[in-house]
Amino acid sequence: MREINVSLIEDAVCDLFTEANAHLPKELENKIRACAESESNPLAKSIFCDMCKNLEKATELEIPICQDTGMAVLFCELGQDVHLVGGDFNEAVNKGVSRAYKDGKMRCSIVSDPLKRVNTNDNTPALIHLSIVPGDKIKLTAAPKGFGSENMSRLKMFTPSATAEDITAFVVETVKIADSNPCPPIVVGVGIGSDFEGCALLSKKALCRNIEERNPDEFYKSLEEDLLQKINSLNIGAQGFGGDITALGVNIETAPTHIAGLPVAVNIGCHVTRHKELVL
């Protein structure tokens, strides 16, 4: 049994959300820079160049890459041989989030009640997804999620007779409906299987996967590639002004499901689909 003080979790969470909001994952930044070179639409090409300048300025000035610094979503894989000491895990996470957003002067966007709309003023509480895994380590993944893109996400409970073509049509339709609202180019996370809430979680996890890593299953790898091609043929383009590139990547995650259903969720991330991970 390995003891880990929750103060380490607080510090790690603070650092992760600060870093995630200031720096894109390297593979996503590289993709945006490559798009600035390859895009054939002059206006879209110019927008990609502006995005590159924005990334550079955020690093130079040590400020967030987007004004919407997101809802603080945290994935935690807790090793079953870890014994947490020194306080409450959830409290430590929220202290870390509070420090990151207040000390980092990031926009605090969370209201304590969905209808009364009173701001909590420190971007807490975090949305924590906790899973127990083998081992004596803790893996933390911070995924600050802006709501311009989150609002464009959809879920559909298909019947088991639905085909891959039906699912493809639903995903492409979701992007078409979203149009310019999620600040394209976008990253598309697709969750297939599980149940109503489970497929939504899968789609959010999909956004945290490296866009250069394809699904290890050849069937879903092919589906990811087909979806990316179809989405990019929509001509929505950077910021909705038309162009070759509407999506930077499509990631699919799957899980077992009930014989009577086929849940599918689409979670859209904007061009700053941020995430950063750390293992304690």
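First, a word on scope: everything that follows refers to the structure included in this document. Everything numeric here is computed off the predicted structure, so don't read it as measured data.

### Here's the deal with a nonpolar patch on the surface
Here comes step 1: A grouping of L155, M157 and F196 is seen on the molecular surface, where their side chains present a nonpolar patch of about 290 Å² in accessible area.
Here comes step 2: Secondary-structure assignment places M157 in strand β6 (residues 154-158).

### Here's the deal with helix α6 (residues 164-178)
Given 3.6 residues per helical turn, the α-helix brings residues three or four places apart onto the same face.
Here comes step 1: Compared with the 21 Å implied by 1.5 Å per residue over 15 residues, the 21 Å span of α6 between its first and last C-alpha is a close match.
Here comes step 2: Where α6 is buried, its residues meet β6, β7 (186-194), α8 (218-232) and β9 (262-269).
Here comes step 3: D179, located one to two residues past α6, shows a positive phi value of around 50°.

### Some words on the nonpolar core
Here comes step 1: Ranked by size, the top nonpolar core spans 23 residues in total, and within it V171, V188, V190 and I231 carry the most contacts.
Here comes step 2: Those elements that place two or more of their residues in this core are α6, β7, α8, β8 (247-257) and β9.
Here comes step 3: No other element matches α6, which puts six residues into this core.
Here comes step 4: If you look at the next biggest cluster of nonpolar residues, it comprises 22 residues, including L16, A72, A100 and A126.

### Remarks on the side chain of E27
Here comes step 1: Position of E27 relative to the elements: it lies in helix α2 (residues 26-38).
Here comes step 2: Despite its burial, E27 remains without a salt bridge, the nearest opposite charge being carried by K26 at 8.9 Å.
Here comes step 3: Contacts of E27, omitting those with residues within four sequence positions, involve N210, I211, E212 and H275.

### A few points about the pairing of strand β2 (residues 71-79)
Taken residue by residue, a regular strand's side chains alternate between the two faces of the sheet.
Here comes step 1: Counted residue by residue, β2 has seven buried out of nine residues, so it is predominantly covered.
Here comes step 2: The pairing of β2 with strand β5 (residues 138-145) spans eight bridges and is classified as antiparallel. When the sheet's bridge partners are listed, V73 is paired in β5 with A143.
Here comes step 3: Bridging between β2 and strand β4 (residues 127-133) involves seven bridges; their strand directions are parallel. The residue bridging E77 from the neighbouring strand is S131, located in β4.

### Remarks on the sheet that holds β6
Here comes step 1: Read across the sheet, four strands follow the order β6-β9-β7-β8 without closing on themselves; strand pairing throughout is mixed. Across the chains shown, the open sheet's two edge strands, defined by having one partner strand only, are β6 and β8. Put simply, the sheet's adjacent strands are angled 15° from each other on average, direction ignored.
Here comes step 2: Bridge analysis of β7 against β9 gives six bridges, and the strand direction is antiparallel.

Conventions adopted
- Residues numbered from 1 in each chain as written.
- Predicted model: local features only at pLDDT ≥ 70, side-chain atom pairs only at ≥ 80, totals over all residues.
- Heavy atoms only, no water.
- Patch = residues over 30% accessible without salt bridge, like charges linked within 9 Å, V, L, I, M, F, W, Y side chains within 5 Å.
- Areas by Shrake-Rupley, 256 points an atom, 1.4 Å probe, with all protein chains shown as cover.
- Salt bridge = Lys/Arg side-chain N within 4 Å of Asp/Glu carboxyl O.
- Helix = DSSP H or I, 4+ residues; strand = E, 2+ residues; numbered from the N terminus.
- Expected span 1.5 Å × (residues − 1).
- Contact = heavy atoms within 4.5 Å.
- Core = buried A, V, L, I, M, F, W, Y, C linked by side-chain atoms within 4.5 Å.
- Buried < 20%, exposed > 50% of the residue type's maximum accessible area, 1.4 Å probe, protein only.
- Lys, Arg positive; Asp, Glu negative; His and termini not counted.
- Pairing = 2+ DSSP bridges.
- Axes fitted to C-alpha atoms, helices over the stretch in contact; angles between N-to-C directions.

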